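For reference, the chains in residue letters:
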Amino acid sequence: MARPRHCRYVEHKPNATYFKPCGVPLRLLDEVRLPVEGLEALRLSDLEGLNTSEAAAKQRVSRFTYARTLTAARRAVAEALILGKALRVEGGAYAFVDTCDVPRCRVQGRNAMTVVAISSEGPSLDDAVDPRYGRAGGFIIAVCPADAGEDANISYLDNGDAQILPQGAGIVTTEHLASAGVNVVISGYVGPEAFEALQAAGITVIQDMDGMSTGEALRRYRSGQCHMVSTPNYEAGI
């Protein structure tokens, strides 16, 4: 399945959504599309002057994801200005921070599904939840409809490259999950650096879920039996 895009958070609605060269009929112009989150990235970096880390935290994504969003936005604006094309601000994968208090966002103007990643010792819902986060062998990715009665779309994301790193495994794992559009992480233990990275990416953390199958962890999450971690305990863990 294609990876769903992770939601970017936007503080301001666009004041204008269409720009074109003066004196040229619209029917004669080619268009360039600038996503709403791309316009927000331009505002944060080029108008407000925030650095990459500060702006990424505002949009609740990783620095890598934010940098890609900003680069694509700058390219769209440059193409419109240099080649004389119309610029349309439209669509994307975003949520307005004043209206979004649940892990869902707008994708092309529609409500998106929640994407849950469960650290797993294997590729199926029968495998156990891996107690580790950053060094988990992989993750069950469940794309969950808003209706808890509907089946989730299940896939598996291998995390082998992060697993063998001597350090920084949690950061690399978080970048993998953010790129996969994950909204919620379920694991046994999430270390402090990984937890900070997940918070910056706007990903909800649920831990202490080891000792059960990934299928059971998913059922508990969808039935509302899991609680988000806001202040984790780092006294022990992997």
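Residues numbered from 1 in each chain as written. Predicted model: local features only at pLDDT ≥ 70, side-chain atom pairs only at ≥ 80, totals over all residues. Heavy atoms only, no water.

Before going further, it helps to examine the sheet that holds strand β2 (residues 18-19). Spatial ordering of the open sheet is given by β2-β4-β3, a layout of three strands whose pairing is mixed. The sheet is open, and its two edges are formed by β2 and β3 (31-34), each paired on a single side. Pairing analysis gives four bridges linking β3 to strand β4 (residues 86-89), with the strands arranged parallel. Counterpart to Val32 in the pairing with β4 is Leu87. Docked against the sheet, helix α1 (residues 36-47) engages β3 and β4, running at close to 75° with respect to β3. Running over the sheet, helix α3 (residues 63-83) touches β3 and β4 and is turned about 155° from β3. (Pairing = 2+ DSSP bridges. Helix = DSSP H or I, 4+ residues; strand = E, 2+ residues; numbered from the N terminus. Contact = heavy atoms within 4.5 Å. Axes fitted to C-alpha atoms, helices over the stretch in contact; angles between N-to-C directions.)

This part covers the sheet that holds strand β12 (residues 204-206). Read across the open sheet, the five strands follow the order β10-β9-β8-β11-β12; overall the sheet is mixed. Taken across any chain shown, the strands that pair with only one partner, and hence form the sheet edges, are β10 (153-158) and β12. Shown here is a sheet whose adjacent strand axes are inclined to one another by a mean of 20°, direction ignored. Where strand β9 (residues 138-144) and β10 come together, six bridges link them in antiparallel fashion. Its bridge partner lying in β10, Ala142 is registered against Ile154. Sitting on the sheet, helix α7 (residues 214-222) touches β8 (114-120), β9, β10, β11 (184-186) and β12, and the angle it makes with β8 is about 145°.

Here the focus is helix α2 (residues 52-59). For α2, the complete set of buried residues consists of Ala55, Ala56 and Gln59. The arc that holds the buried residues of α2, viewed along the axis, is 100°, so those residues lie on one side. Each element contacted by the buried residues of α2 is listed here: β1 (8-10), α1, α3 and α6 (192-200). For α2, the side-chain oxygen to backbone nitrogen distance between the N-cap and Ser53 is 3.1 Å, and the N-cap itself is Asn51. (Buried < 20%, exposed > 50% of the residue type's maximum accessible area, 1.4 Å probe, protein only. Arc of directions from axis to C-beta. Polar contact = N/O pair within 3.5 Å; in protein donor to acceptor, adjacent residues only side chain to side chain.)

Those residues of helix α5 (residues 169-179) that sit buried are Ala169, Gly170, Thr173, Thr174, Leu177 and Ala178. Projected down its long axis, α5 carries its buried residues within an arc of 165°, all on one side.

In this section: a nonpolar patch on the surface. On the surface, Leu81, Ile82 and Leu83 cluster together into a nonpolar patch covering about 390 Å² of accessible area. Structurally, the position occupied by Leu83 is in helix α3. For Leu83, a relative accessible area of 56% translates into the label exposed. (Patch = residues over 30% accessible without salt bridge, like charges linked within 9 Å, V, L, I, M, F, W, Y side chains within 5 Å. Areas by Shrake-Rupley, 256 points an atom, 1.4 Å probe, with all protein chains shown as cover. Salt bridge = Lys/Arg side-chain N within 4 Å of Asp/Glu carboxyl O.)

On to the pairing of β4, then. Judged from the two bridges that link them, β2 and β4 form a sheet pairing that is antiparallel. Bridge assignment links Tyr18 to a residue of β4, and that residue is Arg88.

A positive phi angle, close to 60°, is found at Asp208, a residue other than glycine. Residue Asp208 is classed as exposed on the basis of its relative accessible area of 61%.

With that settled, the discussion passes to the packing of aromatic side chains. Applying the stated criterion to the full structure yields one aromatic pair. Between Tyr133 and Phe139 the ring centres are 5.8 Å apart and the planes differ by 70°, which places this aromatic pair in the edge-to-face class. (Phe/Tyr/Trp six-rings, centres within 6.5 Å; stacked < 30°, edge-to-face > 60°.)

Among the secondary structure elements, Thr173 is positioned in helix α5. Contact partners of Thr173, with chain neighbours within four places excluded, come to Tyr133, Gly134, Phe139, Asn159 and Ala162. Side-chain polar atoms of Thr173 contact the backbone oxygen of Ala169, separated by 2.9 Å.

Now for the pattern of salt bridges. A complete count under the given rule lists ten salt bridges for this structure. The partner of Arg43 in a salt bridge is Glu40, and the shortest N-O contact between them spans 2.8 Å. Of this pair, Arg43 and Glu40 both sit in helix α1, three residues apart, which is roughly one turn of the helix. Taken individually, Arg43 and Glu40 each receive the classification buried, so the pair is uniform in this respect.

In short, shape yes, function no, at least from these values alone.
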